[in-house]
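Below are the chains, spelled out letter by letter.
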Amino acid sequence: MPRETSHSGATRVGQRTFAAAIALLVSLFTLAATLGPAHAAPASDTAPRGVASAAAEGEPATSPGAAARYFSWSSSGHSCPRGYACAIVRAKALPGWWVFKFYDYGTYQLHRWSGTGSLTNNQTGSAAMRLLGSDKKQRQCVRPGRSDNSVNWGPVYYIRLSTSGC
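A.B. asks: Outline the sheet that holds strand β4 (residues 97-102), listing residues and values.
C.D. replies: Taken in spatial order, the five strands of this open sheet run β2-β4-β3-β6-β9, and their pairing is antiparallel. The open sheet has two edge strands, β2 (68-72) and β9 (146-152), and neither has a second partner. Along the sheet, successive strands turn relative to each other by an average axial angle of 15°, direction set aside. Pairing of strand β6 (residues 116-121) with β9, which is carried by five bridges, proceeds in the antiparallel orientation. Residue pairing across strands places asparagine 121 opposite arginine 146, the latter belonging to β9.

As structure tokens, then:
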């Protein structure tokens, strides 16, 4: 006598696979949305899951906050919009990078920046991007339209954006 087959088991497996695929897509869209820039938001609002807890454990930050700050898995491919000064610093707890985009003139204190990274001064006119030490003395001055891909962030404690040239 032929054995009866049940399709209900196959249907349940298909439904589970479909639900898992939908959950994966939702997770990917959520991750993609969190990787984009955000205006002066805390790291937990601009980083993928796992990165938020790493930020709480001492990832780079500034005060006041930069116009935009976000996490990236790569140090390359980041544009610095016209009128901005941008800096990239290696993440400590994860293999990746923090990207900071500064717009307003003033002095930004750096918190937990170390290692190497890069910067671009894309401000207009003669506006300078100055890197200052713990004593607030200038260590480097970057003219508009210039970049430096080998910045040692260890001795830098402040970034100052000013209208006066180098």
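A.B. asks: Give me the lowdown on the side chain of arginine 130, citing residues and values where you can.
C.D. replies: Its location among the elements puts arginine 130 in strand β7 (residues 128-132). Despite its burial, arginine 130 pairs with no opposite charge, the nearest such side chain being aspartate 135 at 13 Å. Engagement of the side chain of arginine 130 in a polar contact is seen with the side chain of serine 162, the distance being 3.3 Å. From its side chain, arginine 130 meets the backbone oxygen of glycine 165 in a polar contact 2.8 Å long. Arginine 130 has contacts with Gln138, Gln140, Cys141, Tyr158, Ile159, Arg160, Ser162, Ser164, Gly165 and Cys166, leaving out every residue within four places of it along the chain.

A.B. asks: Now, about the sheet that holds strand β5 (residues 106-111): what can you tell me, with residues and values included?
C.D. replies: Pairing within the open sheet is antiparallel, and its five strands lie in the order β1-β5-β10-β7-β8. What marks the edges here is a single partner per strand, and that holds for β1 (61-63) and β8 (138-142). On average, each strand axis in the sheet is inclined to that of its neighbour by 25°, with strand direction left out of account. Of the strand pairs in this sheet, β7 and β8 are connected by four bridges, and their pairing is antiparallel. Considered in β8, the bridge of arginine 130 is made with cysteine 141.

The rules behind these values
Residues numbered from 1 in each chain as written. Predicted model: local features only at pLDDT ≥ 70, side-chain atom pairs only at ≥ 80, totals over all residues. Heavy atoms only, no water. Pairing = 2+ DSSP bridges. Helix = DSSP H or I, 4+ residues; strand = E, 2+ residues; numbered from the N terminus. Axes fitted to C-alpha atoms, helices over the stretch in contact; angles between N-to-C directions. Buried < 20%, exposed > 50% of the residue type's maximum accessible area, 1.4 Å probe, protein only. Lys, Arg positive; Asp, Glu negative; His and termini not counted. Salt bridge = Lys/Arg side-chain N within 4 Å of Asp/Glu carboxyl O. Polar contact = N/O pair within 3.5 Å; in protein donor to acceptor, adjacent residues only side chain to side chain. Contact = heavy atoms within 4.5 Å.

By themselves, these figures tell us nothing about what the structure is for.
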